[in-house]
Amino acid sequence: GSVPVLFCFSVFARPSSVPHGAGYELLIQKFLSLYGDQIDMHRKFVVQLFAEEWSQYIDLPKGFLVSERCKVRLVPLQIQMTTLGNLTPSSTVFFCCDMQERFRPAIKYFGDIISVGQRLLQGARLLGIPVIVTEQYPKGLGSTVQEIDLTGAKLVLPKTKFSMVLPEVEAALAEIPGVRSVVLFGVETHVCIQQTALELIGRGLEVHIVADATSSRSMMDRMFALERLARTGIIVTTSEAILLQLVADKEHPKFKEIQNLIKASAPESGLLSKV
């Protein structure tokens, strides 16, 4: 009752078999059993069948069932899709990256990005948005600055890797149902922010970088990082735009509180002229 099938993924091809009449779900399970350690489950895939009449792979026909010896492959979707940039509190998480004491004298406009970062975290608490915080080598670089209140953060994690995408962070994301968008801010734009953003979009998440809460030691590094990230489909925006997009309506129950946050702290430093 089994049928031989050649399972192809990337440069690999492994013969196996499935029960007669197996469909899409069983084929996916078999791919996972054969290549599970190499498949990034955050990506979207399509299963294709080798069609002898065309001498090439075609998308698996709707309702396909294995009835005879065949060859199938798993293909990650590479199509660039237009990012709409819609934000809702229920599908958003905030990432606060390495806002630490030892960076204070070196990072341009650090006082301003601290102020804006604190405003974002206050907004996250008001709207019930999970917050993930990292600290780069805190033993040597110190903890998150005292001005930033981490009360209620879902995760505060030390790291040595530049990207925030650590196993503990991925596990925390997996616990948040329906997460689609990450609002990212901190330092440095061209190192930890850039590497985090690129890893996140590689996992199928939409990334919003908050320009007025993100900086570097060098404004040139910051500028070219933001330009590069924008070209990859990452959204470069501002804290006020983020907060008002999340409430979306003057009648939102938290609108007045968010409005007061915005009015109370809006530094004008010249930082955004360096975007």
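Residues numbered from 1 in each chain as written. Predicted model: local features only at pLDDT ≥ 70, side-chain atom pairs only at ≥ 80, totals over all residues. Heavy atoms only, no water.

The protein appears in an unreviewed UniProt entry as Isochorismatase domain-containing protein 1 from Oceanodroma tethys. In UniProt, the protein has this text filed under Sequence similarities (unreviewed entry): "Belongs to the isochorismatase family." (UniProt positions renumbered as here; feature names shortened; annotations may be inferred.)

To continue, consider helix α4 (residues 167–174). Restricting attention to buried positions, one finds in α4 the residues V169, A172 and L173. Buried residues along α4 cover an arc of 100° about the axis, so they all sit on one side. Opposite the packed face of α4, turned more than 90 degrees from it, sit the exposed residues P167 and A174. Where α4 is buried, its residues touch β6 (92–97), β7 (131–136), β8 (155–159) and α5 (189–202). (Buried < 20%, exposed > 50% of the residue type's maximum accessible area, 1.4 Å probe, protein only. Helix = DSSP H or I, 4+ residues; strand = E, 2+ residues; numbered from the N terminus. Arc of directions from axis to C-beta. Contact = heavy atoms within 4.5 Å.)

For the rest of this paragraph, the subject is the pattern of salt bridges. This model, assessed by the stated rule, comprises 12 salt bridges. Put simply, R125 and D149 hold a salt bridge, and the shortest N to O gap is 3.7 Å. Of this pair, R125 sits in helix α2 (residues 110–127) while D149 sits in the loop between α3 (138–141) and β8, placing them 24 residues apart in sequence. Of the residues examined, R125 reaches a relative accessible area of 34% and is grouped as partly exposed. (Salt bridge = Lys/Arg side-chain N within 4 Å of Asp/Glu carboxyl O.)

In this section: the sheet that holds strand β5 (residues 70–76). Strands sit in the order β2-β1-β5-β3-β4 across an open sheet of 5 strands; the sheet is mixed. Both edges of this open sheet fall to β2 (12–19) and β4 (56–59), since each of them pairs with a single strand only. Strand-to-strand twist across the sheet, computed as the mean angle between neighbouring axes with direction ignored, equals 35°. Bridge count for strand β3 (residues 45–51) against β4 is 4 bridges, and the pairing is antiparallel. Residue pairing for β4: L49 is matched across the bridge by I58. Its contacts with the sheet put helix α1 (residues 24–35) on β1 (2–9), β2, β3 and β5, and the angle it makes with β2 is roughly 135°. (Pairing = 2+ DSSP bridges. Axes fitted to C-alpha atoms, helices over the stretch in contact; angles between N-to-C directions.)

Turning our attention to the environment of K108. The residue K108 is located in the loop between β6 and α2 in this model. A residue is classified by how much of its surface remains accessible, and K108, at 39% relative accessible area, is partly exposed. Separated by 107 residues in sequence, K108 and S215 have C-alpha atoms that sit 6.4 Å apart. When neighbours within four sequence positions are excluded, K108 is seen to be in contact with S215, S216, R217 and M219.

Attention shifts here to the packing of α2 against helix α7 (residues 239–247). α7 packs onto α2 with a crossing angle of 5° between their chain directions and a minimal axis gap of 10 Å. Relative to α7, the element α2 lies roughly parallel. Contacts between α2 and α7 involve V116, R119, L120, G123 and L127 on the former and, on the latter, S239, I242, L243, L246 and V247. Of the residues assigned to the contact of α2 with α7, the class counts are 7 nonpolar, 2 polar and 1 charged. (Parallel < 35°, antiparallel > 145°, perpendicular 65-115°, else oblique. Nonpolar A, V, L, I, M, F, W, Y, C, P; charged D, E, K, R; others polar.)

Our focus in this paragraph is the sheet that holds strand β9 (residues 181–187). The strand order β8-β7-β6-β9-β10-β11 describes an open sheet built from 6 strands, whose pairing is parallel. Each having just a single partner strand, β8 and β11 (235–237) make up the two edges of the open sheet. Recorded for the sheet is a direction-independent mean angle of 20° between the axes of neighbouring strands. Sheet analysis places β6 next to β9, joined by 6 bridges and oriented parallel. Within β9, the residue paired with T92 across the bridge is S181. The sheet strands contacting α2 are β6, β7, β9 and β10 (206–215), and the helix crosses β10 at an angle near 135°. Sitting on the sheet, α5 is in contact with β6, β7, β8, β9 and β10, with an inclination near 165° to β9.

Residues F94, F110, L120, F185 and I242 are the most contacted members of the largest nonpolar core, which totals 32 residues. Counting residues per element, the ones that place at least two in this core are β6, α2, β7, β9, β10, α7 and α8 (255–264). Examining the composition of this core, we find that 8 residues originate from one element, α2, more than from any other. Listed in part, the 27 residues of the second largest apolar core include L157, V169, L184 and L205. (Core = buried A, V, L, I, M, F, W, Y, C linked by side-chain atoms within 4.5 Å.)

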